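Observations on chain architecture
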Amino acid sequence: MAVRMCPHCKTEISAPEAAARSNDIECPKCGTRLEVASGSRTISTLAGLAAGAIVWRLSNGSTSDLGGVLPTLYAFLAFGFVSPLVLMLTANLRNAPPLLAPEPAHAPDSTGHGAGGHGGHH
Ligand SMILES: [Zn+2]
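Residues numbered from 1 in each chain as written. Predicted model: local features only at pLDDT ≥ 70, side-chain atom pairs only at ≥ 80, totals over all residues. Heavy atoms only, no water.

1. Remarks on the coordination of the zinc ion
Octahedral metals with six donors have ideal donor angles of 90 or 180 degrees. Tetrahedral metals with four donors have an ideal donor angle of 109.5 degrees. Note the following rule: A donor here means an N, O or S atom no more than 2.8 Å from the metal, or no more than 3.2 Å when the metal is Na, K or Ca. Since water is not included, a site may seem to lack partners. Every geometry call rests on angle ranges, with four donors termed tetrahedral when all angles are between 85 and 135 degrees, four termed square planar and six termed octahedral when opposite donors are over 155 degrees apart and all others are between 65 and 115, and everything else termed irregular.
Taken together, Cys6 (SG), Cys9 (SG), Cys27 (SG) and Cys30 (SG) make up the full set of protein donors to the zinc ion, lying 2.2 to 2.3 Å away. Because the angles between the 4 donor atoms bound to the zinc ion fall within 106 to 113 degrees, the donor set is best described as tetrahedral. In primary sequence terms, the donor set of the zinc ion follows C-x2-C-x17-C-x2-C.

2. Some remarks on unusual backbone geometry
Spelled out, the test is: Starting at the N terminus, helices and strands are each numbered in turn, a helix being any DSSP run of H or I of at least four residues and a strand any DSSP run of E of at least two.
In this structure, Lys10 takes a positive phi of about 65 degrees despite not being glycine. One can find Lys10 in the segment before helix H1 (15–20).

3. A short note on the environment of Glu35
For clarity, the cut-off: Here a residue-residue contact requires only that any non-hydrogen atoms of the pair lie within 4.5 Å. What qualifies as a polar contact is a pair of N or O atoms within 3.5 Å, subject to a donor-acceptor requirement within protein and to the restriction that residues adjacent in sequence count only when both atoms come from side chains.
Topologically, Glu35 is positioned in strand S2 (residues 33–36). In this structure the C-alpha to C-alpha distance between Glu35 and Ala18, which are 17 residues apart in sequence, comes to 8.0 Å. Leave out the neighbours within four places in its chain, and Glu35 touches Ser22, Asn23, Asn92, Leu93, Arg94, Asn95, Ala96 and Pro97. A distance of 2.7 Å separates a polar atom in the side chain of Glu35 from a polar atom in the side chain of Arg94.

4. Examining the nonpolar core
Stated formally: Here, nonpolar core means buried Ala, Val, Leu, Ile, Met, Phe, Trp, Tyr and Cys residues that are tied together by side-chain atoms lying within 4.5 Å of each other. The cut-offs for exposure are 20% and 50% of the maximum accessible area for each residue type, with area from a 1.4 Å probe on protein chains only; residues under the lower value are buried, those over the upper are exposed, and the others partly exposed.
Residues Cys6, Ile13, Ala18, Ala19, Ile25, Cys27, Cys30, Leu34, Val36, Leu87, Ala91 and Leu93 constitute the largest nonpolar core, which totals 12 residues. Of all elements in the fold, only H1 and S2 reach the threshold of two or more residues within this core. If near-sequence neighbours (up to four positions away) are discounted, Leu87 is found in contact with Ala19, Ser22, Val36, Ser40, Arg41 and Ser44.

5. Details of helix H3 (residues 70–90)
This is how it is decided: Here, expected helix span is obtained from the residue count minus one, scaled by 1.5 Å. Along the arc lie the directions from the helix axis toward the C-beta atoms.
In a regular helix each residue adds 1.5 Å, so 21 residues correspond to 30 Å; H3 covers 29 Å between its end C-alpha atoms and thus fits that length. Burial in H3 covers these residues: Pro71, Ala75, Ala78, Ser83, Val86, Leu87 and Thr90. The buried residues of H3 all sit within an arc of 140 degrees when viewed along its axis, so they share a single face. Turned more than 90 degrees away from the buried face of H3, the exposed residues are Phe76 and Phe81. Buried positions along H3 lie against H1, S2 and helix H2 (38–60).

6. Quick notes on the pairing of S2
Defined as follows: Here the rule is simple: two strands pair whenever DSSP picks up at least two bridges between them.
Taken together, the 2 bridges between strand S1 (residues 25–26) and S2 define a ladder with antiparallel strand orientation. For Glu26, the partnering residue across the bridge sits in S2 and is Arg33. Between S1 and S2, which follow one another and run antiparallel, lie 6 residues, and Gly31 among them has a positive phi close to 80 degrees. When S2 meets strand S3 (residues 93–95), the two strands line up antiparallel, connected through 3 bridges. Considered in S3, the bridge of Leu34 is made with Asn95.

Given below as structure tokens:
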């Protein structure tokens, strides 16, 4: 099972966040722009459609007055419920193409370029 994880700093992204903002997620730790890989979204959509079809078939057998309306309603609800749920479970994050110029802020070995090396005491 894929874990919703920032590929950059391994911070876990919460499932609701990944499902709700699958196009534009920002890592809470390092700020890397992420997105849900398209494969996961396809899977969730297919699962939602399958759930809707199953529910539609099941409820379509009932012979009530609302028999013509309810199956469609149930199928719609099933899709709306299952699809984001599956997306939460299967979401696989990847780096989104950056909108702004990428800055190499997280280079693993920045050789002492900052504090201490500057002896300019005036
Ligand atoms: Zn990150």
